[in-house]
Amino acid sequence: MCDHTGKLQNRHIDEKMGVVLYEKKDFLRECKEGHWDRLQRDKIQNKDREELARNGGQPSHISPTSRRKSIPTLVWSPTSAGNPVRRRHRALVLHYRRVYKMGTLRYPRLQRKTTADLRRNLCRNPDGDRAPWCYTNDPSVRWEYCKVDKCSTKPVTPKPDTVANPDHTPELIPSPSTPDAKDCKNDNGASYRGPTSMTALGVTCQAWSAMTPHQHSSFTPRTHPDKGLESNQCRNPDGDVNGPWCYTTDPNKKWDYCQIQDCSGLECGQAKVKPRKCFGRIVGGCESKPHSWPWQISLRTSRHQHFCGGTLIKPQWVLTAAHCLERSSRPSSYKIYLGIHSELGNEPSKQVRDLEKLILGPPGKDIALLKLDRPAIINDMVLPACLPEKDYIVPSRAECHVTGWGDTEGTGSEGVLKETGFPVIENKVCNRAAFLAGRVKDHEMCAGNIEGGTDTCQGDSGGPLVCYSKNTFILQGVTSWGLGCANAMKPGVYTRVSKFVDWIDQQIASNS
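Going by an unreviewed UniProt entry, the protein chain carries the name Plasminogen and comes from Synaphobranchus kaupii.

Engineer: Go over the nonpolar core with me, naming the residues and quoting the values.
Structural biologist: Ranked by size, the top nonpolar core spans 47 residues in total, and within it Leu-299, Leu-319 and Leu-369 carry the most contacts. Secondary structure elements with two or more residues in this core: β10 (296–301), β11 (306–314), β12 (317–320), β13 (334–338), β14 (351–360), β15 (368–372), β20 (472–481) and α5 (501–510). Not counting the four nearest positions on each side in its chain, Leu-319 is found in contact with Gly-310, Thr-311, Ile-313, Ile-367, Ala-368, Leu-369, Gly-462, Leu-475, Val-478, Val-497 and Ile-504. Among the nonpolar cores identified, the runner-up in size contains 14 residues, and Trp-208, Phe-219, Tyr-247 and Trp-255 belong to it.

Engineer: Report on the pattern of salt bridges, specifying residues and quantitative values.
Structural biologist: Enumeration over the complete set of coordinates arrives at eight salt bridges. Here Lys-335 makes a salt bridge to Asp-354, at a shortest N to O gap of 2.5 Å. Note that Lys-335 is positioned in strand β13 and Asp-354 in strand β14, a separation of 19 residues in sequence. Take Lys-335: its relative accessible area is 17%, and that puts it in the buried class. Residue classification places Asp-354 among the partly exposed positions, given a relative accessible area of 33%. For Glu-356, the salt bridge identified is with Lys-371, shortest N-O distance 3.2 Å. Of the two residues, Glu-356 sits in strand β14 while Lys-371 sits in strand β15, which places them 15 residues apart along the sequence. Taken together, the salt bridges that share partners define one network made up of Asp-187, Lys-272 and Asp-380.

Engineer: Give a description of the state of the cysteines that names residues and reports values.
Structural biologist: Two cysteines, two sulfur atoms, one covalent bond between them: this is a disulfide. Under the criterion given, the structure shown has eight disulfides. The disulfide partner of Cys-123 is Cys-146, and the gap between their sulfur atoms is 2.0 Å. In this structure the cystine formed by Cys-123 and Cys-146 twists about its S-S bond by roughly -85°; its chirality is therefore left-handed. You can see Cys-123 sitting in the loop between β4 (104–106) and β5 (133–135) and its partner Cys-146 sitting in the loop between β6 (143–145) and α3 (161–164), a full 23 residues away along the chain.

Parameters and conventions
- Residues numbered from 1 in each chain as written.
- Predicted model: local features only at pLDDT ≥ 70, side-chain atom pairs only at ≥ 80, totals over all residues.
- Heavy atoms only, no water.
- Core = buried A, V, L, I, M, F, W, Y, C linked by side-chain atoms within 4.5 Å.
- Buried < 20%, exposed > 50% of the residue type's maximum accessible area, 1.4 Å probe, protein only.
- Helix = DSSP H or I, 4+ residues; strand = E, 2+ residues; numbered from the N terminus.
- Contact = heavy atoms within 4.5 Å.
- Salt bridge = Lys/Arg side-chain N within 4 Å of Asp/Glu carboxyl O.
- Disulfide = S-S within 2.5 Å.

Take a look at the structure:
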């Protein structure tokens with residue numbers, strides 16, 4: 001289904017279904033990847049041929065030593081006056097540094113080794129050329145200079161009071177050509193005009209006016225002259241709820257979102273939509289406000305069926321319960337939904353991720369980490385929860401909140417995210433014979449009402465138990481187990497996250 005601009009409304013439809021997600025996007029020539037020594041030789045020889053041809057010159061002599069090093073040498077003949085005379089190499093010296101001194105010409109020998117980072121296809125200047133350049137994927141253009149703005153060389157003039165006040169730091173005034181240092185977006189980024197021109201995965205954006213590698217007609221400078229589509233920067237011409245995006249220079253990926261921070265400074269555990277904080281029960285309780293718990297994720301089968309919850313703790317990492325992964329140890333068996341309110345997951349804010357890795361917690365501990373195949377786009381609808389301090393114990397009777405799409409046992413609000421709040425119960429109380437009779441371990445915690453009526457249930461496993469502290473929701477528990485749902489004297493049991501902070505940090509560091 002298309003809107004009036006011709007852009008498909010649902011960009012998440014599986015391409016395997018035969019749906020063309022978009023018309024293809026334009027293209028600034030993409031930089032080529034390859035072995036540097038070979039490409040450098042090709043570049044220099046290509047430059048020689050192109051520029052000598054333009055200037056009517058003959059090929060320069062290349063010494064055997066230079067040929068082995070893939071570096072051509074210029075031949076010069078001194079005149080009677082001692083001044084160097086080029087042998088029809090006028091064009092070549094445009095590409096080599098030259099220093100005139102005492103009537104002679106010096107040309108520093110180009111070295112094979114370079115400090116430039118040539119591991120990726122980014123614009124670089126390893127041979128000291130007049131500007132950064134790269135090899136292109138355009139068969140008709142072997143190499144090309146890149147358009148890179150020069151940094152301002154304008155000296156900074158201190159304000160008059162800086163002499164009297166030595167502790168005052170003068171304010172730097174950026175050059176008009178220098179992008180504003182505050183590169184951020186407001187709301188969904190429809191007004192964003194910043195310099196970012198790379199997707200969240202690090203792929204260079206295709207120019208909005210270009211038609212290679214992807215052709216398109218929906219969003220161009222001509223069709224949307226007021227949307228900032230003059231170059232290849234990330235923009236949001238259609239008001240996408242997930243923020244700015246662009247067509248990519250990857251032939252296999254037509255478009256993708258860009259990761260641009262929010263100007264309001266989105267922080268973990270601080271939802272833009274204030275939650276309802278109702279103290280009922282998920283089983284009996286209240287429907288949450290859409291996107292008021294933006295760290296809640298839905299763990300699904302490969303066929304997109306919800307069966308467990310989880311918590312986004314970093315853009316590429318989710319924390320859940322280990323018992324949710326008993327059905328399969330293969331990452332391909334699962335999918336992650338983020339940014340949704342309904343269990344169907346039909347909102348435009350939905351982000352779907354495959355899993356790259358499953359990491360089960362220490363033996364006997366109901367906790368697991370899930371690494372997404374690519375980072376989530378952080379925005380108002382998708383935001384991590386904060387982790388607690390190591391070994392922190394939530395005080396008894398502290399009010400905390402749980403969320404999930406689990407079983408409501410016929411009490412209403414099925415199919416949408418539900419929430420409830422209840423107090424934490426200290427372990428020594430929870431382990432009394434009348435309660436859970438010693439079943440709760442030190443790495444676990446209890447929460448719920450003694451009289452029952454508030455609890456998590458089937459389908460909520462792995463989801464978050466968050467507690468509010470210092471204007472922030474902190475992930476203190478992972479929904480683990482219970483005796484029935486919302487029974488009196490039988491509170492729910494949660495994995496105590498503070499006992500696993502070191503393990504979480506170690507696993508993320510070693511698997512990133």
